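In case you want the letters, here they are:
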Amino acid sequence: MRIKKITADSMPEAVAKVRREFGDEAVILHSKPVKVRTWFGLKSVEKLEVYAGIDDAPPRKKERKPPANIVKPDPPEEIKAAQGPGKMTESLPSSAPAPFRAVASALKAQEVNGQVEEELMNRFMEKWYAEKGSRQEAAVLEDCIREWLEHRHPAAEAVPSRMIQLVGQTGVGKTTTLAKLGAREMLQRKKSIAFFTTDTFRMGAVDQLNTYASIMEAPVHVIYDQADYIEAVAQSRTHDYVFIDSAGRNFLHEQTVEEAQRLLPAGEPIKTVLVLSLTAKYKDMKEVAEKFLPYISNEVIITKTDETTSFGALLNIIDEFSLRVAFVTTGQEVPEDIEPADNRWLAAKIAGRALGEK
Ligand SMILES: Nc1nc2c(ncn2[C@@H]2O[C@H](COP(=O)(O)OP(=O)(O)O)[C@@H](O)[C@H]2O)c(=O)[nH]1
Ligand SMILES: [Mg+2]
């Protein structure tokens, strides 16, 4: 099969054009509205971009129908469903190649948002045709996701910061992740670390952090008010890293941070990183991200990737908020269950999970 792209004003016109140019064996695989510039680029008009698949199989002996019969009077049902963005899976007719249908429904099951789904599907179709379907769809999809990530989520060094605060909802894994981050710096890089915690609401929250910190022989400063915070900052000036834990609702707000800033070397920032759990529904993740957005750096840590088979939300977060996934966590064990978010690793995980592989 070969893939062809045509542009038309409407679906009936697109169907007619496809049939006229490629014959009635051609299958409409996908359509999306696009803006096309006319009048020397001064005006833009809405058009429909249609991808058609044409079978490369040797022509059958049967005589071709005369041109008058090529355009069928009624567009088939599946073509009627092909209008509108984000309707990729509905737009794939049963005659579309099986790998397309498998990938389209996998992306849908992963709850990848319409825009990302569309971009991935277009990449997948182009690649699959270019390679004449010679590779497993999981391998092709993995490449497509990796390329998408490289474009939208380029590998970048984390913004260096001595003071790192984790924020996010209760139970997402902030304290555990903080312990993992601290242990990484201490054990792998031999850095000196200190912990602060403002989570004084929840029973046992301080004990939980104390347990990890005592194994690492790192100090924990419990912060009830601004005076405690200022004192803790003063006592930790010589530590290589300070990791700040928070409760969902009382993360240090800007004013406190501003006050404390005066005690830090000139211009030393506190990096605030949002923690999101992949086990949450995307709708809820999005709400949390929107709420925290004014306070956070552009980095996010995604936890509990071991507890879900659905990775779509990860792509959606990158797409919708332009956040950089700094780390993903993969289990409850401290310090080992954390990985820097490498695009190759992410693409392999997402494609593997999407198409039901381990
Ligand atoms: N399976 C799994 N569990 C995790 C992960 N990260 C944290 N947890 C667990 O989630 C629970 C809540 O973690 P905690 O750090 O207390 O969350 P916090 O309220 O945000 O500080 C604990 O039972 C952790 O062991 C992870 O990556 N995978
Ligand atoms: Mg906690």
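Quick caveat, the model's predicted, so the values are computed rather than measured.

Tallying each qualifying case throughout the model produces 7 aromatic pairs. With 5.7 Å between their ring centres and 75 degrees between their planes, Trp128 and Tyr129 make a pair best called edge-to-face. Neither Trp128 nor Tyr129 differs from the other in exposure class; each is buried. With 6.0 Å between their ring centres and 25 degrees between their planes, Tyr241 and Phe243 make a pair best called stacked. One aromatic cluster is present, built from ring pairs that chain together Phe100, Phe124, Trp128 and Tyr129.

Take the pattern of salt bridges next. Summed over the entire model, instances satisfying the criterion amount to 13 salt bridges. As a salt-bridge pair, Asp9 and Lys47 come within 2.8 Å of each other at their nearest N and O atoms. Taken together, the residues Asp9 in the loop between strand E1 (2-8) and helix H1 (11-22) and Lys47 in strand E3 (residues 43-54) connect sequence positions 38 residues apart. The class for Lys47 is partly exposed, based on a relative accessible area of 22%. Here Asp284 makes a salt bridge to Lys283, at a shortest N to O gap of 3.9 Å. Its relative accessible area of 31% is what places Asp284 among the partly exposed residues. Using a relative accessible area of 61% as the deciding quantity, one classes Lys283 as exposed. Here the salt bridges do not stand alone but share partners, grouping Glu131, Arg135, Asp143, Arg146 and Glu150 into one network.

Between helix H11 (residues 282-292) and helix H12 (residues 312-321), whose axes approach to 11 Å, the crossing angle comes to 35 degrees. Note on packing geometry: the crossing formed by H11 with H12 is right-handed. Of H12, the residues touching H11 (which contributes Tyr282, Met285, Lys286, Ala289 and Glu290) are Ala313, Asn316, Ile317, Glu320 and Phe321. Of the residues that constitute the contact of H11 with H12, the class distribution is 6 nonpolar, 1 polar and 3 charged.

So, about the site of ligand 1. The environment of ligand 1 is formed by 18 residues, the closest being Gly171, Lys174, Thr176, Asp306 and Thr329. Here an oxygen atom of ligand 1 and a side-chain polar atom of Gln208 are 3.0 Å apart. Note that a nitrogen atom of ligand 1 is positioned 2.8 Å from one of the side-chain N or O atoms of Asp306. Contact with the protein chains removes 85% of the 580 Å² of surface that ligand 1 exposes when unbound. Here the shell around ligand 1 gets 4 residues from one element, more than from any other, and that element is helix H7 (residues 174-189). When its residues are assigned to classes, the shell around ligand 1 shows 1 nonpolar, 11 polar and 6 charged.

For strand E5 (residues 193-197), the tally of buried residues reaches 5 of 5 residues, placing the bulk of the element in the interior. The alternating pattern of E5 places Ile193, Phe195 and Thr197 and Ala194 and Phe196 on opposite faces, both of which are buried. Of the strand pairs in this sheet, E5 and strand E7 (residues 241-245) are connected by 5 bridges, and their pairing is parallel. When the bridges of E7 are listed, Ala194 appears paired with Val242. Judged from the 3 bridges that link them, E5 and strand E6 (residues 220-222) form a sheet pairing that is parallel. Opposite Phe196, over in E6, you have His221 as the bridge partner.

With that out of the way, let us pick up the sheet that holds strand E9 (residues 299-303). Taken in spatial order, the 8 strands make up an open sheet running E6-E5-E7-E4-E8-E9-E10-E11, and their pairing is mixed. Two strands lie at the open edges of the sheet, namely E6 and strand E11 (338-340), each paired on one side alone. The average undirected angle you get between the axes of adjacent strands in this sheet is 25 degrees. Bridge analysis of strand E10 (residues 324-329) against E11 gives 3 bridges, and the strand direction is antiparallel. Bridge pairing in E11 links Phe327 to Pro340. Each of strand E4 (163-167), strand E8 (270-277) and E9 is contacted by H11, which is oriented at about 165 degrees to E8, the strand it contacts most.

Another point: the confidence of the model for the chain. Looking at the chain as a whole, its pLDDT mean stands at 81, while 81% of the residues score no less than 70. Within the chain, the element-level pLDDT minimum falls on helix H2 (residues 77-80), averaging 41, and the maximum on E9, averaging 96. Residue range residues 59-89 is modelled with pLDDT below 50. Its contacts to residues more than four positions away, or to other chains, number 44 contacts.

Rules used throughout
Residues numbered from 1 in each chain as written. Chains lettered and ligands numbered in written order. Predicted model: local features only at pLDDT ≥ 70, side-chain atom pairs only at ≥ 80, totals over all residues. Heavy atoms only, no water. Phe/Tyr/Trp six-rings, centres within 6.5 Å; stacked < 30°, edge-to-face > 60°. Buried < 20%, exposed > 50% of the residue type's maximum accessible area, 1.4 Å probe, protein only. Salt bridge = Lys/Arg side-chain N within 4 Å of Asp/Glu carboxyl O. Helix = DSSP H or I, 4+ residues; strand = E, 2+ residues; numbered from the N terminus. Axes fitted to C-alpha atoms, helices over the stretch in contact; angles between N-to-C directions. Left-handed = near helix turned anticlockwise from the far one by under 90°. Contact = heavy atoms within 4.5 Å. Nonpolar A, V, L, I, M, F, W, Y, C, P; charged D, E, K, R; others polar. Near = heavy atom within 4 Å. Polar contact = N/O pair within 3.5 Å; in protein donor to acceptor, adjacent residues only side chain to side chain. Areas by Shrake-Rupley, 256 points an atom, 1.4 Å probe, with all protein chains shown as cover. Pairing = 2+ DSSP bridges. pLDDT = per-residue confidence, 0-100.

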